[in-house]
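Structural overview for review
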Amino acid sequence: MTGGYLTIGTAAISAQESGLISSSTSILVMACLLAGAAASSFLIARWYPDEQA
């Protein structure tokens, strides 16, 4: 899952550097990725509380 976040984030940064998307769109993509990562780790902690020990 982390590889997917890294791939999408790298693609967004590369697209912004190439001029394909604006800086604000790149920031929005990165914010959504970070929110998704935080939400997924929160859900995993709730679904599998025994694994956190």
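As shown above, the structure is provided for reference.
For the structure given in this document, a descriptive report is provided here. In this text, all values refer to a predicted model and were calculated from it rather than measured experimentally. (Residues numbered from 1 in each chain as written. Predicted model: local features only at pLDDT ≥ 70, side-chain atom pairs only at ≥ 80, totals over all residues. Heavy atoms only, no water.)

Tallying secondary structure elements over the chain gives two helices and zero strands in all. Taking 2.2 N^0.38 as the reference for a compact globule, 53 residues should give roughly 10 Å; the C-alpha atoms of the chain span a radius of gyration of 14 Å, well beyond that estimate. C-alpha extents for the chain along the principal axes are approximately 45 × 20 × 10 Å. Each of the 53 residues in the chain was classed as buried or not, and the buried ones make up 11%. Of the roughly 4100 Å² that the chain leaves accessible, carbon and sulfur atoms contribute 67%. (Helix = DSSP H or I, 4+ residues; strand = E, 2+ residues; numbered from the N terminus. Rg over C-alpha atoms; globule rule 2.2 N^0.38 Å. Buried < 20%, exposed > 50% of the residue type's maximum accessible area, 1.4 Å probe, protein only. Areas by Shrake-Rupley, 256 points an atom, 1.4 Å probe, with all protein chains shown as cover.)

This part takes up the environment of alanine 15. By the secondary structure assignment, alanine 15 is in helix H1 (residues 2-18). Owing to a relative accessible area of 16%, alanine 15 belongs among the buried residues under this scheme. Those residues in contact with alanine 15, other than ones at most four positions away along the chain, are Leu20 and Ile21. (Contact = heavy atoms within 4.5 Å.)

Attention shifts here to the environment of glutamate 17. Looking at where glutamate 17 falls in the secondary structure, it is placed in helix H1. What makes glutamate 17 exposed here is its relative accessible area of 62%. Separated by 32 residues in the primary sequence, glutamate 17 and proline 49 place their C-alpha atoms 41 Å from one another.

Turning next to the side chain of serine 26. Tracing the backbone shows serine 26 in helix H2 (residues 23-47). Beyond its immediate chain neighbours, meaning those up to four positions away, serine 26 contacts Ala12, Ile13, Gln16 and Ile21.

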